[in-house]
Each structure stands twice: as C-alpha cells, then as structure tokens.
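Chain and residue survey
The chain contents come next:
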Amino acid sequence: MNNLLTKKDPTILVVGLHERIIQSILDFDYVKGTSKPSVVGVIGGGKQSHKFWFGDTEVLLPVYRDMQSVVAKPDWLLNLASANSAKRVTDNFFSQFKNAFGAHIFCEGLSEQDALSIINTHNSKVIAGPSGVGLLVPGHLKLGAIGGILGGNINHVAKKRGDTAVICSSGGMVNELVDSVLRAGGVPSFAVSFGGDRFPVTSPLEWFLLAEKDEATRQIVYFGELGGDDEYVIAEAIEKGVITKPVSAYIAGRYDTAGKRVQFGHAKALAGDGKTDAVSKTARLQSAGVTASSSYRDFIMRINNCKFMTKEMEDSRDFDLPETARKQSLFTAKKDESEHADDFVPHILSVLLEKKSVSSELSNFANKSFSLLIDHGVQPSGTVNTMITARAGRDMSSALASAVLTVGDRFGGAINQSAKTWFDAVNNNTGVEDLLEDHKQAGRPVMGIGHKKYSVENPDTRVTELINEAKSVLKEAKYLTYALAVEERTIQKKSSLILNVDGALAAILLDLLSEYEEMSHEEIEELFTIEFFNSFFLIPRTVGFISTFLGQKRRDEGLFRLPDDQVHYL
Amino acid sequence: MARVIISEYAAKSLLTGGAYQGVSVSSEQELAELSLGEGRYVVKADNGTKKRGKQGLVKLDLTREEAVVAARDLLRSTASRILIEPFYLYDKAAERYISLELTRAGVRVITNNQGGVDVESTETVATTVVSHQDFKTRSFYSLPTDVTKVVEGLADFINETGAVFVEVNPYVDIGGDILCVDFAVEIDSHYINRLPTWVHDHVQQNKVGHEAEAAVAKLDDESSATFSLTMFDKDAAIFTLLSGGGASLVTIDELVSVGLQKDIANYGEYSGAPTTDETARYTDALIKALLSSRAPKKALVIAGGVANFTDIHITFQGITDSFTKHLSVLQDQNLQVFVRRGGPNQTIALSRLEHFLAEHDISHQVHGPAKSFSFVADQVKEYLS
C-alpha cells in the first residue's frame, strides 16, 4: 500500500467503454512521457480491441468480454459500470486481482446497501466514489475523468507531483480546486473527488490519513458539503493529533433552509437533518484548528495566497496536441513481415498467424491437409452450387461466392467449433463420458464427430492419412489423443460416428500450435474468436470450387433446371 | 442514492401487508367518495411533516363524521395528504420509542422506554450500533431483550423495502402484538422502482408545488442525465440555472455570502451530460417560473464549474433554443443574464451565447472559468442594488 501514490507506471483495467474518459487517460500518459498507455484493457463493447490516440498515433487497446479473460495484472480498476452492476464488478475485480491498489466507482445512484457492502468487503483497498470523477496523482496516475478531458490542465499535472493534497466531495469542484492550486503556483500531490453519496467507500477521514502518511504532501485542501458527519470525525482526528498537516477547508451549502428538508445536488447534501448543516460543520472544524472559511472566496484566496498564474503558464494551458491533428484511420492492419516470402504454404501460415516464421512441422502438415482437401467429388453442396451458377452463365467470382456461402456448421465450417470443443475439454479435464453426456443433455452433436458418407466400415482415407502424418511428428498429441478417445466411444454407439476430417484437423492443429508454435492458451483462445481454424477448409476448397467452375465452363452444359422427377410435391 | 420520505400510509401498508386498515386521501373529492364504517378514528397530516403532534396535525379519537370534517380542514389548510386510521385506546405509560438507521459502522438502533411526542426531551435514550454482519444474520444480542422482537420485525421490513431509516414513535405492546402508532420511513431512492407502483405517488416531494418543479421532476424521470429544481420563493429576483452538485452549491453560497439569500428564487442543478433538447426543456421550466415572478428586477445566473466531460456547447445550445422560444416576453422583462462556466468546447459555447444575447438585446455578462463564482455574485449584487 505504501507505493500506492508513487508507483511509477501503474496500470488500469477499465470496465465500460467510455471513449472520452479513456482517451483523457491516454492523453495524460502521453504528456507524462510513458512509452505505453496505463490502460491495459477494457471490458465491454463486444469486440476484440478499440482504437485510441496515444499522442498523434493510434493504438489498439484490448477489449475483453469478461474479467476472467484479462491477461494483464492491473493495479487499479476504473469502474464505469451502472449502479446496478457496479458492486458485482468491484467484487469480481478484487477477487481476481488480490494485490490491486484500489478503484474508482463512477456511477451515481448506487444503493446505500451496495456501498456499505463494498466498504465492508474491500476495506484494505483505496476506492474513490461512488460518483465523482476519480483520483489523480500528478506524474503518475489519472484514474477517471478527473483533470478533465483533452485540454484543461493536463499539461500541468501530467509531469510531476507537488505538495498539496486536494480532497473534494464534488467531481466538478475538484477540477476548480486543482486549477486554483495551479494558479497559485503549486501542484497537487494528489487530488480526489471522493463522491457526493452518503457512504463514500474510502471515507474523507481515510483520504486525510493517506495524505498524512504521504511524504510529498505538506498541506491539505478540503472541500465538503452539508449533510453527513464526516467533518466531525475529521475534527476529532485533528484534535487527537492523528492528522497534523495544515488543512484549509470549505463546507458548501450555506443557504439557510430554516430547518426545512431540502435535497441539494449530491445524495448526501440533505438539509434539515440536525447538526449536519454547513455552518455547524465549519464551526466544528474551526474549533479543531482548521482554517475553515465561511465563504468560498476566502477559501480560494487562501489557496491562491495572492499568487497568480504567470503569463507562460496561461499560454501553455491547453494540451498542445489539438484534436484536429488526429486523423482517424478507417482500418488497422498488420504488415506482412513473413520470412517465407517465396514459399507458398509457410507464407500462408505466417500471414494467418501474424508471425514472422512458422515451424516446418506445421508447414508440412498444412501442405498435406491443403492437398487432401482441395477436391472431394461433385456431390457436396458447395460444388453443386458452383456448377449450377456456372451453368447459369455467371462469372467465376459469382460461382465461387455461391459455393462459399454453403460452408458452415454442416459443411466444412465445423473445424473452428470442433477445435474449441477439444480445447475446452482437454484443459478443463472433462472426461469423455461427461463430454458426451453434456452434449446429449444440450441436444447437440459433438462437432468433428460423424459423417454422412463415411463410417467404420467405409473409412475416410483422408482422415487416416492426416492422423498418420501427425503421429509421426507430434510429441504429446494430447488433443488428438482425446479426439480419438471420443471416437472410440461414439463408434460403439453408431458406426458412422467417426472422427471426421474437421474433427481430426482441429485436434492436430491444436497439438501443432501448442507443441511447435508454442502458443499460450490465451493466444489459442483468440484463434477461436477470430475463426482461424475454418481457414484450413476454405483455403484448399476454394481451389476445388474454381476447378469445378473451370470444368463447367469448358464443357458448358447450359442452364440447369431441376428435372420433374426430382421434385416431390406434398 | 438520495433518501426520500414515503407517506405513513405507504409505510404501514408495506409493513403489515394487506392487514392495514388505514386509508389515504389526497383530495376533497377522494374524501367525499370515502365510506367509513362505525368506529373511532385518528386523522393525521401525512406529507412528511415532522412533529405533527405539537403542530396540531394529529386528531385523536374521532367519530367517523368528526374524522371527515377534520380531514377536510387539514386538506384545506396545510396537508396535501391525509391518513385516516382506526383509533386504539391504550395506556400512555406503555408508549415506547425506537428508530433504526443505516450508518457506516452498522445499523444504529435508538430506543427509549418513554415514547410519545416529547421523546427528544427525555434522558432515557439508549443507542446501540449493530454491525452490518450481525444485522444480516439477525444477531441482536447487544440489544435489550424486550426490543429484539420489534427490531426483528423492522429488520424484515428494511430488507424488503430498502428502507434506510425507520422510526416508530410510539409503539405499544398490546398483549404481545406490537402496535405501531406513528411510523416514519425513509427509503433509498435506488429501491423506489422495486416497490409497488402506487407507492411512487406516496414519495414526499416536500416542495412548494410549483409547476416548474413538477416539469423538472418529469424531465428527470425521463432522462439518463440528472435534473433537479426546488423553488424557495417564486417571487424572488434571482433565478439560477446551475450545473454540477458541488458548483451549484458554491454559486448559491456566494450569493448568500454577499447578502442575497432572500433574493434567491430557486435551487436547481443539471449534470450527467444532458442533451440539447433536455437542457432546453429544463430551461423552459425555469424561464416560465422567472416570467411569473413578481420581482421588479430579475437576474438569471447560468453557472457551473469546469465540466469534466459535459459538452458546454451542447448544453448552451439547449439554453439558447429555449430563449428563442420565449424571446419576445424575455425582452420585456427587466432582466440581466449572468454566465460563468467552463469545460469541453467552452470557447465556442461562451462566445456563441454572448453573441446570441447581444443580438437579441438581452443584457448580459458572460465569463469563462477565469472569473470566480464570487465575482459573479458581486456582479449580481451590484445589478440588483
């Protein structure tokens, strides 16, 4: 916890794709001078990555569907989830990242019950909010919208820490106060808006204690509001000598409602509730020796100390990277850096995997499987479509497109799903019986098992050849072994439930990728998401479709019409 | 989230389920349509007012005819909602007090074995804080045994309704049955939508009932941004159009600090990046209130801090859209507009607003965040004096 405010390049996980807030954090990081963004991932948005600016170049931040998929170990959580899910997100984050420092909870309207539960469960963490704009540590961390978005004071707070802790209930006013500190020639040691709710997770007193412990902090500027009894607790801590650093404070909400219950802006700011009015709380702080002002003007004058911004500071107020310099690209792509530029199959694999080079084991196997899958007779749906389209007088692209459109779960497109099945089963230690039972319960077939034409009696020679080829190179072959164990069980039920070419390819590719390409689980997971495995059918079969098209064009049999005896009327 | 008071009728209905025999009346017509049976009745003002007994807002032991008359009198004088319930005779000495409130450390239970209207003046008060964990598991060992039964019942109620404060003053134990004579409840507004819909009408707004307040409450309901408006004095001179929970307070404070408390017509605030249309609707409500004020000289203060991500240009566009609608009547007012605001797109937003006001001959002073809230307060004071 000691280096909470001083860790040089802390990392942040953001939950909720709020572009402007995230961009403002990257702007801060860029001005600060780090080589990469502090945000290591974003949850939400239903895609793999999202583009942001880092200075004047674009970067892709990884987007995750859930917290379990997050690869990095973030120091902080920026929780931009709604009031209904903010507690769950916070709980999940700290149960997964036990060593993280803390969080900012952004939502307004969190229930008191949820806030109290977070307080009790995560009392060792530093959590700004609920509500407010987060925590800023100049030169280190910008956790939230605090400090504003593009422009504003980013230039002055990005580089180094000063000596004034700014502790503020309000998200809007914390920026005002940071601005005032800067105009007075100072820099905050840290600034936080702890939130306007009745139960801020890290309480105002706890923020005071953090400032007291922090070596860089020499004074505290505090902005509170009517409602609640936090200032009584703080006054007591000062009287007991727990807080010794000088405090300048202001308690807002001095309109006299004459005891009438009036709800002001923030949830805690409720007038007409006993001794929690601004005037009483100001008096209590004063009695503890705090410089508590009875007007905001006096408060600011004390911060300003009659020093004002210099001309140079005024001139450089705006972030020096105007938004117009940022011309967004439409697409991002990776350059082809393959070392196999003159070797077709290895070249294909290196561009598919975005790797400079691939192993000869993978290349040789791909070469074999591409060869075996080029053509498969005239009866499969894709080939039939090619012929019908060609006979209708259409061009090569149309015929190929009509063929490719039939590729899916039932025809050639099951490799990806099959790979996912083998991968999950092996890595979750799912027994063969359990796997089959699960599929039976769910009423769906095991992808990669079963064939319309081939069976135990009439084996698919392509599968036999692929397996033999693989067995000669694989060391452990855990996925293939598993797939064969599944087959052994399913063919006892029905002889057509053999390991089909999709299933065999899937298992062997998984083995090759983990044994020879040394890919991690996360990297392989990504391949499922991007549908990599299905390319092993589409690439060779495209050749087959084109050859079918060329054959039809050579012979040109004329427009096809389904013969009458092929139609059965109901 | 903010705490709101619900009517005693709603509180007792939720507490007892279908067993509650009280009725709630919010208009004379409803009262006329009411048919009470034979019996003795209690009539109470039921709009969140505290210390009703001392103010004569509770009438005890009435016949049904007397109850109807008492209810009509209260409706005509002060109360917007009336509770009529059966009257029970019991021994005054048996009255007890209890309140439960959610606090940071736990649930604070305050008991007093002398209940009734004078509870605050007695010195027999006992305060116990039950930790959140103990409260969840119903471990009330730290409480006097005679109140645990009452606390258990209230704990269930808190659990079911999301109540954050309950006060029964007094309750009496009648042969083992607990009679809650007076029941006051505050609920976390986060949970309001989970309660039966009829309860929504029983949330005490505690406002003067100005039509602008109603319009803003409706807007707040319909929008993902936040809007609030409370009228203090509909005929006062200074109308405020403020943004941000903290900055809105500071703007009001600075007006109070230069001696303008009595001139402030309203408090209100918008935040959470509202759209142009929503800001226009909010401004509409405020301008209507401003136009109906009988103050001879009026000020409209448009102020806020340096916004974090609310686009100033978008919200100011809403303000000028609304001004455009009311232009001719606004020009007839003895009015000056004061502006102080910063945030994304502030330069273009401020200069367009200034240009708009100048073009339409509305006197104005427009400033960015370089000028303080105090500076604006000074200007308003100078203008009004």
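On a predicted model such as this, the values are computed, not experimentally measured, just so you know. (Residues numbered from 1 in each chain as written. Chains lettered and ligands numbered in written order. Predicted model: local features only at pLDDT ≥ 70, side-chain atom pairs only at ≥ 80, totals over all residues. Heavy atoms only, no water.)

**Overview of the interface of chain A and chain B**
- The interface is formed by 57 residues belonging to chain A together with 49 residues belonging to chain B.
- For the pair chain A and chain B, the summed buried area comes to about 4,200 Å², and 53% of that belongs to carbon and sulfur atoms.
- Looking only at chain A, the three residues that lose the most surface to chain B are Y255, R261 and R297 of chain A, adding up to 18% of its buried area.
- The interface formed by chain A and chain B contains four salt bridges.
- Between R297 of chain A and D378 of chain B there is a salt bridge; the shortest N-O distance is 2.9 Å.
- Where the side of chain A that touches chain B is concerned, the elements lending two or more residues are α1 (19-32), α3 (112-121), α5 (171-183), β12 (219-225), β13 (247-252), β14 (262-263) and α9 (296-304) of chain A.
- Looking at the side of chain A that touches chain B element by element, the count peaks at six residues for α5 of chain A. (Contact = heavy atoms within 4.5 Å. Buried area = accessible area lost by both parts, 1.4 Å probe. Salt bridge = Lys/Arg side-chain N within 4 Å of Asp/Glu carboxyl O. Helix = DSSP H or I, 4+ residues; strand = E, 2+ residues; numbered from the N terminus.)

**Regarding the side chain of N79 of chain A**
All names here are of chain A.
- Looking at the secondary structure, you find N79 in strand β5 (residues 76-79).
- Reaching out from N79, the side chain makes a polar contact with the backbone oxygen of A86 at a distance of 3.0 Å.
- If we skip the residues at most four places from it in the chain, N79 touches V15, A86, V89, T90, H104, I105 and F106. (Polar contact = N/O pair within 3.5 Å; in protein donor to acceptor, adjacent residues only side chain to side chain.)

**Structural notes on empty space enclosed by the protein**
- Applying the stated rule across the entire model yields three cavities of 30 Å³ or more.
- Roughly 50 Å³ of internal volume is contained in the largest cavity.
- Lining the largest cavity are T251, E254, L255, V301, A303, R340, S372, F373, V376 and A377 of chain B.
- The class makeup of the residues in the lining of the largest cavity is six nonpolar, two polar and two charged.
- Counted as a void, the second largest cavity has a volume near 40 Å³.
- Contributing to the lining of the second largest cavity are S169, F194, G196, Y222, G224, E225, L226, E231, H266, K268 and A269 of chain A. (1 Å grid on protein atoms, 1.4 Å probe; cavity = no way out; pocket = protein on both sides within 12 Å on 5 of 7 lines; lining within 4 Å. Points joined across faces, edges and corners; volume = space filled by probe spheres on them. Nonpolar A, V, L, I, M, F, W, Y, C, P; charged D, E, K, R; others polar.)

**Things to note about the nonpolar core**
- Among the nonpolar cores identified, the biggest contains 107 residues, and L177, F190, W207, F223 and Y296 of chain A are the most heavily contacted of them.
- The next biggest cluster of nonpolar side chains, apart from the first, holds 60 residues, and it includes C107 of chain A together with L102, V130 and F140 of chain B. (Core = buried A, V, L, I, M, F, W, Y, C linked by side-chain atoms within 4.5 Å. Buried < 20%, exposed > 50% of the residue type's maximum accessible area, 1.4 Å probe, protein only.)

**Digging into a negative patch on the surface**
Residue and element names in this part refer to chain A.
- Taken together, the side chains of E354, E522, E523 and E526 make up a negatively charged region of the molecular surface.
- With respect to the secondary-structure elements, E522 resides in helix α20 (residues 521-529).
- For E522, a relative accessible area of 47% gives the class partly exposed. (Patch = residues over 30% accessible without salt bridge, like charges linked within 9 Å, V, L, I, M, F, W, Y side chains within 5 Å. Areas by Shrake-Rupley, 256 points an atom, 1.4 Å probe, with all protein chains shown as cover. Lys, Arg positive; Asp, Glu negative; His and termini not counted. Charge placed at Lys NZ, Arg CZ, Asp CG, Glu CD.)

**Focus: the pairing of strand β7 (residues 107-112) of chain B**
Residues and elements named next belong to chain B.
- Sheet topology places strand β6 (residues 96-102) next to β7; six bridges connect them, and they run antiparallel. The partner of L102 across the bridge, within β7, is V107.
- Taking the residues that link successive antiparallel strands as the turn, the β6-β7 hairpin has four residues.
- Summarising the sheet, β7 and strand β8 (residues 125-130) pair through six bridges and their orientation is antiparallel. Bridge pairing in β8 links V107 to V130. (Pairing = 2+ DSSP bridges.)

**Here we look at helix α18 (residues 478-493) of chain A**
Residue and element names in this part refer to chain A.
- The terminal C-alpha atoms of α18, which comprises 16 residues, lie 24 Å apart, in line with the 22 Å expected from a rise of 1.5 Å per residue.
- When α18 is considered as a whole, its buried residues turn out to be Y479, L480, Y482, A483, V486, E487 and T490. The arc that holds every buried residue of α18, seen down its axis, measures 155°, which confines them to one face. Among the exposed residues of α18, those pointing more than 90 degrees away from its buried face are E488 and Q492. (Expected span 1.5 Å × (residues − 1). Arc of directions from axis to C-beta.)

**Overview of the confidence of the model for chain A**
- Per-residue confidence for chain A gives a mean pLDDT of 89; residues scoring 70 or more make up 94%.
- When the criterion is pLDDT under 50, residues 306-324 of chain A qualifies, and its contacts beyond four places in sequence or with other chains add up to 33 contacts. (pLDDT = per-residue confidence, 0-100.)

**Describing the domain arrangement of chain B**
- Along its sequence, chain B is organised into domain 1 (20-86), domain 2 (92-180) and domain 3 (208-384).
- Placing the centre of domain 1 of chain B and that of domain 2 of chain B at their C-alpha centroids yields a distance of 27 Å. (Domains from an automatic or database assignment.)

**Looking at the domain arrangement of chain A**
- Domain annotation for chain A reports domain 1 (2-322) and domain 2 (344-555).
- Taken over C-alpha atoms, the centre of domain 1 of chain A sits 53 Å from the centre of domain 2 of chain A.

**Some thoughts on a nonpolar patch on the surface**
- Side chains of V384, I388, F560, L562, V567 and Y569 of chain A sit close together on the surface and give an oily, nonpolar patch of about 530 Å² of accessible area.
- Within the element layout of this structure, V384 of chain A appears in helix α13 (residues 381-391).

**Considerations on the side chain of N416 of chain A**
- Looking at the element boundaries, N416 of chain A is found in helix α15 (residues 415-427).
- Not counting the four nearest positions on each side in its chain, N416 of chain A is found in contact with L527, F528, E531, F532, F533 and N534 of chain A.

**Focus on the confidence of the model for chain B**
All names here are of chain B.
- The share of residues in chain B with pLDDT of 70 or more is 97%, and the mean pLDDT across the chain is 89.
- Predicted confidence in chain B is weakest over strand β12 (residues 203-204), with a mean pLDDT of 80, and strongest over strand β14 (residues 238-243), with 96.
- If you check the scores for this complex, the pTM reads 0.78 and the ipTM reads 0.87.

**Things to note about the pairing of strand β11 (residues 188-193) of chain A**
Residues and elements named next belong to chain A.
- The element β11 is largely enclosed, with a buried count of six among its six residues.
- Here three bridges tie strand β8 (residues 134-137) to β11, and the two strands are oriented antiparallel to one another. Bridging across to β11, L136 finds its partner in A191.
- One ladder, built from five bridges, connects strand β10 (residues 164-168) with β11; its direction is parallel. Within β11, the residue paired with T164 across the bridge is P188.
- What joins β10 to β11 is α5, and the crossover it makes is right-handed. (Right-handed = clockwise from strand over helix to strand, strands pointing away.)

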